[in-house]
Amino acid sequence: MNRIRTRFAPSPTGYMHIGNLRTALYAYLFAKSQGGDFILRIEDTDRARYVADAVEFIERTLAAAKIIPDEGPHHGGAFAPYVQSERMDIYKKYAEQLVADGHAYYENGAIRQKMPRAGETTFFDVLHGNITIANSELEDQVLLKSDGMPTYNFANVIDDHLMEISHIIRGTEFITSTPKHVLLYEFFGWELPTFIHLAPVMGKAEDGTVSKLSKRHGATSFNDLIEAGYLPEAITNYVALLGWSPKNSCQEIFSMDELIKNFSLDGLSKSPAVFDYAKLDWMSGEYFKAMSDEDFAKVADKYFGDFDAPRKIFLSSLLKTRVAKLSDIPDMIAFLKNLPQFDVELFNNKRNKITPQKSAEILAPAIKILENVDD
């Protein structure tokens, strides 16, 4: 396999959180930087957790993030189908082959992998080096359930081989499962792909404690951040820097083409990355500042309310340098729609020797002048 082929293989069990988006992005950037292929595969064998609209949501999210598969459920490709529930006969064939070869056995209608009891299994990871796990720690995992559904640990190995995946990029939570996958490759006599296990994305709580990013840290999915008013390009740019940095460069603002040009595996970090909302706000603000008034008015349109087009463009010239996210806008312009009640005491200013009476004298002629101003 000389051609680089990566895949993103989500389960349609919910919406795409930041960790999943980063995995997809890195797999896409690596494939494209090497002139290779990026594949979307849907691993839907966990029917109990299946969410009906999740596949469409995943595809819309990837499209919004400008992560475009070369092959996938709605993109076609030489290795279709790309949905695991449509590949049942394939898994059955290979599971039965393992039984025939003595590497698996039937139990209560299911097929289990027969693990070696002695020795060790070692595999190489690009970020973590050689990883060795004693075979005695590996249980005889189920490959094919009694209802004919394959487990993740079996189906992903079969599909990765048949789809000629050269590099598997996924989270560190899969490191302990990888020896089981390696043994399957060995049982079939297949060449191993290259493994890259990414460190997790962490979140910081108000008390300063750091833990794996979750809902308690705020918006944690691409869609949550879009709903909060961040630009898709800014989110993608920020996520790219959560565990990767360009070599010999301090650049932080990247277009997708620039990310592809600069991306390399040796820029990945094996240390956890912390999702920093302040840094995302800064980056988002840089994207807004770089926009024309007209373009800002278009993306911010629904946040302006019923102002006419010229007024929206004028407001955009003032707001685009001041906002971190579009949802900040309504509060910032609320006073233009509903004038607050001002206490007359606000006209008292000792330093400027101003009183309500003196202010009234100044305001009377000022109002006449203002009444003649067009805008």
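A few points on the structure. Computed from a predicted model, the values in this text were never measured in an experiment.

Here we take up empty space enclosed by the protein. Summed over all chains, the structure comprises 2 cavities of 30 Å³ or more. Its boundaries defined by the atoms lining it, the second largest cavity holds a volume of some 30 Å³. Together, R22, Y26, L198, A199, L242, G243, S269 and S271 line the second largest cavity.

Next up on the list: unusual backbone geometry. Cis geometry is adopted by the peptide bond preceding P81, which originates at A80 and carries an omega value of 0°. In this structure, K66 is a non-glycine residue whose phi angle is positive, near 65°. By relative accessible area, K66 is classed as partly exposed at 48%. Even without being glycine, N248 reaches a positive phi, approximately 60°. Tracing the sequence through the fold places N248 in the loop between helix 7 (232-240) and helix 8 (256-262).

Moving on, we come to the pairing of strand 8 (residues 167-171). In terms of burial, strand 8 is a largely internal element, 5 of the 5 residues being buried. Pairing of strand 8 with strand 9 (residues 194-198) involves 5 bridges; the strand directions are parallel. Note on strand 9: the bridge partner recorded for R170 is H197. A crossover connection joins strand 8 to the parallel strand 9 through helix 5 (residues 178-188); in handedness this β-α-β unit is right-handed.

This next bit is on the packing of helix 4 (residues 152-162) against helix 5. The interhelical angle for the contact between helix 4 and helix 5, taken along N-to-C directions, is 50°, at an axis separation of 10 Å. Relative to helix 5, the element helix 4 is oriented oblique. For the pair helix 4 and helix 5, the sense of crossing is right-handed. In this structure, helix 4 contributes Y152, N153, F154, N156, V157, I158, D160 and H161 to the contact, and helix 5 contributes H181, L184, Y185 and F188.

Cut-offs and rules
Residue indices follow the written sequence of each chain, beginning from 1 at its first position. Only residues with pLDDT of at least 70 are given local features in this predicted model, and only at 80 or more are side-chain atom pairs given and counted; all residues enter the totals for whole chains, interfaces and linings. Each side-chain value is worked out from all heavy atoms of the structure, with water and hydrogens disregarded. Buried and open spaces are told apart on a 1 Å grid over the protein atoms alone, a cavity being a set of points where a 1.4 Å probe fits but cannot get out and a pocket being an open set with protein on both sides within 12 Å along at least five of seven lines. Residues with an atom within 4 Å of a point are the lining residues. Grid points are joined across faces, edges and corners, and a volume is the space filled by probe spheres set on the points. Type-normalised accessible area, obtained with a 1.4 Å probe on protein chains alone, sets the label of each residue: buried when under 20%, exposed when over 50%, and partly exposed for intermediate values. Helix numbering and strand numbering both begin at the N terminus, where a helix is a DSSP run of H or I of at least 4 residues and a strand a DSSP run of E of at least 2. At least two bridges found by DSSP between two strands is the condition for calling them paired. Handedness is read with the strands pointing away from the viewer; a crossover is right-handed when the path from the first strand over the helix to the second is clockwise. Lines fitted to C-alpha atoms define the axes here, with helix axes fitted over just the stretch in contact, and angles between the N-to-C directions of these axes take values from 0 to 180 degrees. In what follows, roughly perpendicular refers to angles from 65 to 115 degrees, roughly parallel to angles under 35, roughly antiparallel to angles over 145, and oblique to any angle outside these ranges. Whether a crossing is left-handed or right-handed is set by the direction in which the near helix is turned from the far one by less than a right angle, anticlockwise for left-handed and clockwise for right-handed. Any two residues whose heavy atoms approach within 4.5 Å are treated as being in contact.

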